[in-house]
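As a plain string of letters, each chain reads:
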Amino acid sequence: MPPPSAFALPFNNPRSRRSGARRGAWSARRPVISMYTTNASRGLPRHRSRHTGERYSRWAMRALMALLTLALLWLVVGFYLNGQWMFALLFLVLDAALAIVFTRRQLMSHRYVFPALAGMGVFVIFPLLYTIGISFSNYSSSNLLSEQRVREQLLAETYRVPGETFSFQLFAAGDSRVQLFLSGSRAAGDGTDSRVEDLISPPVRLDEAPATLPLKAASAPPDAEPLGVRAVIRNRQALGELTLVAPDGTELRLAGLRDFAPIQSRYRANDDGTLSDRKTGGTLTPDPASGFFVTDDGQRITPGWPVAVGLDNYQRVLFDPAVRGPFLQIFVWTFAFAALTVVFTLTVGFVLASLLQWDQLGGKATYRTLLILPYAVPAFISILIFKGMFNQQYGEINLILESLFGISPDWFTDPWLARGMLLIVNTWLGYPYMLLLCMGLIQSIPRDLYEASAVDGGGPLTNLFRITLPLIIKPLTPLLIAAFAFNFNNFVLITLLTGGAPDIIGASTPAGTTDLLVSYTYRIAFQDAGQNFGLAAAIATLIFVVVAALSLLNLRLTKVKV
Amino acid sequence: MPMVQPRSIRRRRLVAHLALLVFVALVVFPLLLVISISFRQGNFATGNLIPHDFSLEHWSLALGIPWERPDGSVVQPPFPVLLWLWNSIKVAVSSSLLILLLSTTSAYAFARMRFAGKAPILKGMLIFQMFPPVLSLVALYALFDRLGEYVTWLGINTHGALIVASLGGVALHIWTIKGYFESIDGSLEEAAMVDGASTWQAFRHILLPLSVPILMVVFILAFIMSIMEYPMASVLLLDENKLTLAVGAQQYLSDHNQRWGDFAAAAVLSGLPITVAFLLCQRWIVGGLTAGGVKG
């Protein structure tokens, strides 16, 4: 703490003193409450400070805020121009809130909370809403880009016009440069040879050649020995990236080790939004219902773009047997896992806490430290330690079991053993938290209750179940609900230990017998082929409902005082 | 201490000690095992808890030094563990500082000021902090993907994204600090204000110096949470050189190639400082974890 003199000076400033007087007037209008509160000089006009330093820093703050506002505005415009209106809206709201909070003097108190709230808004609430939004769309790896980008990508597609080729030769042009000579006999598709001009490129270094190379008419090949096929092979990649432009505008690309062939962009955009296919002569029509361009006979052309599909994803989760089966199985397991974890950790933690509260026991501090060790080791390390220990072939656990009982369980391939292993590991990880909670709560129980019990002849078990447990269960309940919610979403444990394995047979989405709903969602969204973000978001939305119910229940039970 | 004591207390005490010792042995066994394995030769050697074929190979590899075996072959370190640890610490320190900065000012307003929407905001924060970020990873990925097109240091595969994303977890810390602020009597600040201090000055020069202990606790808490953060980092970071320890460590035990010994050394090397820090600060951390987040 700095000595008093260090902060005595800045307080002597007339503006602040005036604000102190006004604050008195403000509180007179309000019922006086016993807790000391301040209104952060709300609604007071700012006066020009007499201290130059303060004046400058105030202007610096204003400039910073203005810059921030402008930067956010730039983001808004960028997102809007790119057609990403969700993000544009997010940052518009953020920017507007920033501008309002930091310009209006009435919102002085809100300035203190704004940054944290903005952080939560952008990184918790917005993603939540966005996820719910995605759940009504077919956003996935096949429907990823915007319609505009899909159109551009298709229009950039080219194809080789069949039948026509130019044979070419490479000639050294000195200085490690080469010239391409395209011989003028043009093999037309109908087998006749139509004689056209020979073409030649300017001398160019292949490793730093421009993407397009203009050709001009030549009367004869360069006066040198052509480089062989070996040189062509060596430079194949560079040649493949070249586009040669003939004098009449035809574009030529490498079509083999000896030939260049004319290429053409495959699709032509029509005014009504459809694309004409030059290769097949058909038409591609954009289908706003599925988010794909479809051919005349109804075939979809990938890539597509995301479109709203209404309740399709939810319908798949609830009615499609290939999705519903695994979903229900995982749903039940998730609840069982969370509930059993809470029961096991609480039991172990509670028993240990009762033991450690026993006055007659020595060495309590040492026991306590050793017992909370699992809590102190980072979870991602201890989970991986267990992964190694449970290894079916070399793991220490199976070695011990083998030598003692002659068994070696398949911890990772048998669904029930895998679930058992998860519960064992999670109990190891989670009991110290319960131990600490119980110890804190037991300490607040009046000791004379136990004395009364001893007078009446109550043993330790009577004490445990008739005094300790009933007295701590009520304050413990909200914490147990929070622990349930945490384990309901215990993604790290599942991912690092089993990764959901062993897999459920017959599921159309990646689903494992030990997957929790969260890890299931994660796998649908980020693993394997498919990357079905829409379906994952639908399941995530269902989990949101469960979590929201739990946290509302919790809020009611704790009777939070704010 | 109860004045009336039941009989056979000595036997009961012995049983309690015995039970506790067995349990402690079970709990500590995996940790001791890993330390032992880190000094054994080979990646899946069996042996006693005290290794008889003592070797520093795994430790040398974990520290990034190539190891020469007796037969002359040189083993290169499989993964840049120290780099991962450095990445983790970098991300954790910056995000903890950011969280500390934002949650302290917010907690001050919530503890000392009256303003519109205070109660709903506080309750809303309690509700939203229970939603794990894993569930909205798709949205977060999309957000940073798009954001990266305009602000490169906030794109996918940057530490900036990870640091900023940790701001979603400020609610817990705001509640912790708020609880502490409320336990400090306001008369000191009031006196300062009477003497002409502005609200900000009272906060900055009176309350903050008094709150250093809780700020330390919140910093350590945020630091440990950030070090252990897995889901977000696993989605946002792609390059091996950018990974944090939590994401990188699992590569030792991939399904195809399990490097049990190398993992053990890396785990002890990186886990030990965190564990020791936790144990040293356990008194404060436990208070913050068990009470601050939930109690009003």
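Starting afresh in each chain, residues are numbered from 1 along the sequence in its written order. Each chain takes a letter, starting from A, and each ligand takes a number, starting from 1, following the order in which they are written. The predicted nature of this model means local features are confined to residues of pLDDT at least 70 and side-chain atom pairs, given and counted, to a pLDDT of 80 or more, with totals for whole chains, interfaces and linings taken over all residues. Processing note: side-chain calculations cover all non-hydrogen atoms of the structure and skip hydrogens and water entirely.

1. Let's talk about the side chain of Ser-519 of chain A
All names here are of chain A.
Move 1: Numbering of helices and strands runs from the N terminus, with a helix taken as a DSSP run of H or I at least four residues long and a strand as a DSSP run of E at least two residues long. Along the chain, Ser-519 turns up in helix 18 (residues 517-526).
Move 2: For every residue, the accessible area (1.4 Å probe, protein chains only) is compared with the maximum for its type, and the residue is labelled buried under 20%, exposed over 50%, or partly exposed between those bounds. A residue is classified by how much of its surface remains accessible, and Ser-519, at 3% relative accessible area, is buried.
Move 3: Two N or O atoms count as a polar contact when they lie within 3.5 Å, although within protein this holds only if one can serve as hydrogen donor and the other as acceptor, and sequence-adjacent residues are included solely when both atoms are side-chain atoms. Polar side-chain contacts of Ser-519 include one of 3.0 Å to the backbone nitrogen of Leu-516.
Move 4: Contacts of Ser-519, omitting those with residues within four sequence positions, involve Phe-491, Ile-494 and Thr-495. Contacts are assigned to residue pairs that have any heavy atoms within 4.5 Å of one another.

2. Some points on the side chain of Asp-515 of chain A
Residue and element names in this part refer to chain A.
Move 1: Counting through the fold element by element, Asp-515 comes out in the loop between helix 17 (491-497) and helix 18.
Move 2: A polar contact of 2.7 Å, which involves the side chain of Asp-515, links it to the side chain of Ser-519.
Move 3: Polar contacts involving the side chain of Asp-515 include one to the side chain of Arg-523, which spans 2.6 Å.
Move 4: Apart from residues lying up to four places away in sequence, Asp-515 is in contact with Ile-330, Trp-333, Thr-334, Ile-494, Gly-499, Gly-500, Tyr-520 and Arg-523.

3. Describing the sheet that holds strand 16 (residues 292-294) of chain A
All names here are of chain A.
Move 1: Should DSSP find at least two bridges between two strands, the strands are taken to pair. Pairing is antiparallel across the open sheet formed by five strands, whose spatial order is 13-14-15-16-17. Across the chains shown, the open sheet's two edge strands, defined by having one partner strand only, are strand 13 (267-269) and strand 17 (300-301).
Move 2: One ladder, built from two bridges, connects strand 16 with strand 17; its direction is antiparallel. Directly across from Val-294, in strand 17, lies its bridge partner Arg-300.
Move 3: In this fold helix 5 (residues 147-155) packs onto strand 13, strand 14 (275-277), strand 15 (283-287), strand 16 and strand 17, with an angle of close to 130° to the strand it touches most, strand 13. Axis definition: a line fit to C-alpha positions, over the contact stretch in the case of helices; interaxial angles, taken between N-to-C directions, run 0 to 180 degrees.

4. A closer look at helix 9 (residues 199-210) of chain B
Move 1: Any helix carries an expected span of 1.5 Å times its number of residues minus one. Between the first and last C-alpha of helix 9 of chain B there are 16 Å, a value that for 12 residues agrees with the 16 Å anticipated at 1.5 Å per step.
Move 2: Residues Thr-199, Gln-201, Ala-202, Phe-203, His-205, Ile-206, Leu-207 and Pro-209 of chain B constitute the buried set of helix 9 of chain B.

5. Focus: the pairing of strand 2 (residues 166-172) of chain A
Residue and element names in this part refer to chain A.
Move 1: As paired strands, strand 2 and strand 12 (residues 259-265) are joined by two bridges and run antiparallel to one another. Within strand 12, the residue paired with Phe-166 across the bridge is Phe-260.
Move 2: Bridge analysis of strand 2 against strand 3 (residues 178-182) gives five bridges, and the strand direction is antiparallel. Paired with Gln-169 across the bridge in strand 3 is Phe-181.
Move 3: Of the strand pairs in this sheet, strand 2 and strand 9 (residues 226-227) are connected by two bridges, and their pairing is antiparallel. Note that in strand 9 the partner of Leu-170 across the bridge is Leu-227.

6. So, the interface of chain A and chain B
Move 1: Each side of the interface is counted separately: chain A has 121 residues, and chain B has 118 residues.
Move 2: Buried area between chain A and chain B, both sides added, is near 10,900 Å², and the carbon and sulfur share of it is 76%.
Move 3: The term salt bridge refers to a pairing of a side-chain nitrogen on Lys or Arg with a carboxyl oxygen on Asp or Glu at a separation within 4 Å. Residue Glu-396 of chain A pairs with Arg-40 of chain B through a salt bridge whose shortest N-O separation is 3.9 Å.
Move 4: Connecting chain A to chain B are 12 residue pairs in polar contact (both at pLDDT 80 or more).
Move 5: The element that contributes the greatest number of residues to the side of chain A that touches chain B is helix 4 (residues 108-134) of chain A, accounting for 19 residues.
Move 6: Residue composition of the side of chain A that touches chain B, by class: 87 nonpolar, 23 polar and 11 charged. The term buried area denotes the loss of accessible surface (1.4 Å probe radius) that occurs when two parts are joined, taken as the sum for both partners. Three residue categories are used. Nonpolar comprises Ala, Val, Leu, Ile, Met, Phe, Trp, Tyr, Cys and Pro, charged comprises Asp, Glu, Lys and Arg, and polar comprises the others, including Gly.

7. Regarding the pairing of strand 11 (residues 251-254) of chain A
Residues and elements named next belong to chain A.
Move 1: Examined bridge by bridge, strand 10 (residues 243-245) and strand 11 share two bridges and lie antiparallel to one another. From the neighbouring strand, Val-245 faces strand 11, where its bridge partner is Glu-251.
Move 2: Linking strand 10 back to strand 11 in an antiparallel pair, the connection comprises five residues, with Gly-249 at a positive phi of about 95°.
Move 3: Of the strand pairs in this sheet, strand 11 and strand 12 are connected by four bridges, and their pairing is antiparallel. Bridging from a neighbouring strand, Leu-254 pairs with Phe-260 of strand 12.
Move 4: From the end of strand 11 to the start of strand 12, which pair antiparallel, there are four residues.

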